[in-house]
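Structure at a glance
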Amino acid sequence: MAGIYVHIPFCRQKCGYCNFYSIANMGGQTPPLQSYVDALISEINFRKNECTEPIKTLYLGGGTPSMLDVNDVVKIFETLQNSFVFAKDMEISFEGNPESLSRNYLLDLRNCTPVNRLSIGVQSFFEDDLNYLNRKHSPKQAIEAIENAQKAGFERLSVDLIYGIPTLTDEKWNENLQTFFSLNISHLSAYALTVEPNTILDKQIQNLKTKSPNEEQIEKQYLLLREQLRNHGFEAYETSNFCKNKQYSKHNSNYWNLSKYYGFGASAHSFLGTVRSWNIADVNAYITSVKTGILPSESEFLTTDMRYNEYVMTAIRTQWGISQDFIKTNFDERFFLHFQNHIAQIPNDWLICKNNHFITTENGALFSDAIAERLFI
């Protein structure tokens, strides 16, 4: 089984913290949405013989896919369905921001497309946090989008929240969580605010125009998050992802399990086990190149060291942890001995060993990246 990711790199407004490839304006010109959709459809047709195995998950992400007209979403789905074999029980996810998820848009999306999972980028239910993050929507729009999605019949909903925002006190963070629980949603993705190089937020902090995140605040709010989710019956199945009733994101789990996935669109990545490829991160260059029949992509062969490091980096973030048996079976003895030597040096309160899997403790989850770095080849 494999997954497909489709990248829609357009936003109404660029968030200050975002380092994903997306554009909020084209030098004052209207974003070429229709030309991009046409190029996307051409790319899918070019690559339709690339995968013969069933597609288990499909994810439209961005950027802001909900900027697309529903008719264009339908065209993309029809092209994919005509090009690949879709599994019967597919998870089909769609990202949207509250300001573009009107009641009518959601009804059309539900009735005209096979989307069965919706991910809504809320980030906070407080105006000052949204202003700090340079978000376009209001708290009221966020709640209305969630309620309208539920009324439209989307049973599988996920919400994104961010903690560690300098304007977000512990009390407000707790209130954000209580608002989330009150909306009866089965999945939450919660991320620590990080300052990525060359983002708007990075430049604002360097120019002393805004405050930077505080590590102590981030750690405190993460532990509060874990406590509240545990009290409300949520499973922490990945460092930043939580669900009730086993409502895991199957698509994201593909990434963490190192399953194959195929990426379409500007800057989209593909992973085929030993090879990773990616399209050019430039909308105009992507459109121009595809029009001439050339796929604007690059690729790299993953060495055994790289594949081991990637497994360690992704597995340590999940509730299933790093499997010693997996390392022994899929890598030679050098890797297994390296792992055993270095895992013994990790602080005892960061990890537990259960059924031959090394899993982070609740406190250790704060340091999953640091643990991975210590285990790298």
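For the structure itself, consult the block above.
As the structure is a prediction and not an experimental result, all values here were calculated from the model.

1. What to know about the side chain of Asp160
Topologically, Asp160 is positioned in strand 5 (residues 156-163). Although Asp160 is buried, it makes no salt bridge; Arg135 carries the closest opposite charge, 7.1 Å away.

2. A word on the environment of Phe181
By the element assignment, Phe181 lies in helix 6 (residues 170-182). For the pair Phe181 and Leu258, spaced 77 residues apart in sequence, the C-alpha separation works out to 31 Å. Those residues in contact with Phe181 that sit more than four places away from it in its chain are Gln228, Leu229, His232 and Phe234.

3. Regarding helix 6
Its 13 residues give helix 6 an end-to-end C-alpha distance of 18 Å, which sits within 8% of 18 Å, the value for a rise of 1.5 Å per residue. Turning to helix 6, its buried residues are Lys172, Trp173, Asn176, Leu177, Thr179, Phe180 and Phe181. On its buried side, helix 6 packs onto helix 4 (127-133), helix 5 (139-152), strand 5, strand 6 (187-192) and helix 8 (215-231). Following helix 6 by one or two positions, Asn184 adopts a phi angle in the positive range, close to 55°.

4. Regarding the packing of aromatic side chains
Each aromatic ring pair is summarised here by two numbers: the centre-to-centre distance and the angle between the ring planes. In this structure the tally under the stated criterion is 22 aromatic pairs. Centre to centre, the rings of Phe181 and Phe234 are 5.8 Å apart; their planes meet at 50°, and the pair counts as tilted. On the criterion of sequence distance, the pair formed by Phe181 in helix 6 and Phe234 in the loop between helix 8 and strand 7 (235-238) is long-range, its members being 53 residues apart. The exposure class assigned to Phe234 is buried, which follows from its relative accessible area of 10%.

5. A word on the packing of helix 2 (residues 70-83) against helix 3 (residues 103-112)
The interhelical angle for the contact between helix 2 and helix 3, taken along N-to-C directions, is 25°, at an axis separation of 10 Å. Between helix 2 and helix 3, the angle is such that the two are roughly parallel. For the crossing formed where helix 2 meets helix 3, the hand is right-handed. When helix 2 is examined against helix 3, the residues Val70, Val73 and Val74 are found in contact with a partner set consisting of Tyr105, Asp108, Leu109 and Cys112. When the residues that make up the contact of helix 2 with helix 3 are grouped by side-chain class, the tally is six nonpolar, no polar and one charged.

6. Regarding the pattern of salt bridges
Enumeration according to the criterion identifies 17 salt bridges in this entry. Look at the salt bridges and you will find they share partners, linking Glu43, Arg47 and Glu50 into a network.

7. Overview of the side chain of Ser289
The topology assignment puts Ser289 in helix 10 (residues 283-291). Classification of Ser289 as buried rests on a relative accessible area of 14%. Sequence-distant contacts of Ser289, that is, excluding residues within four places in its chain, are made with Ile294, Leu295 and Pro296.

Quick notes on the rules
- Residues numbered from 1 in each chain as written.
- Predicted model: local features only at pLDDT ≥ 70, side-chain atom pairs only at ≥ 80, totals over all residues.
- Heavy atoms only, no water.
- Helix = DSSP H or I, 4+ residues; strand = E, 2+ residues; numbered from the N terminus.
- Buried < 20%, exposed > 50% of the residue type's maximum accessible area, 1.4 Å probe, protein only.
- Lys, Arg positive; Asp, Glu negative; His and termini not counted.
- Salt bridge = Lys/Arg side-chain N within 4 Å of Asp/Glu carboxyl O.
- Contact = heavy atoms within 4.5 Å.
- Expected span 1.5 Å × (residues − 1).
- Phe/Tyr/Trp six-rings, centres within 6.5 Å; stacked < 30°, edge-to-face > 60°.
- Axes fitted to C-alpha atoms, helices over the stretch in contact; angles between N-to-C directions.
- Parallel < 35°, antiparallel > 145°, perpendicular 65-115°, else oblique.
- Left-handed = near helix turned anticlockwise from the far one by under 90°.
- Nonpolar A, V, L, I, M, F, W, Y, C, P; charged D, E, K, R; others polar.

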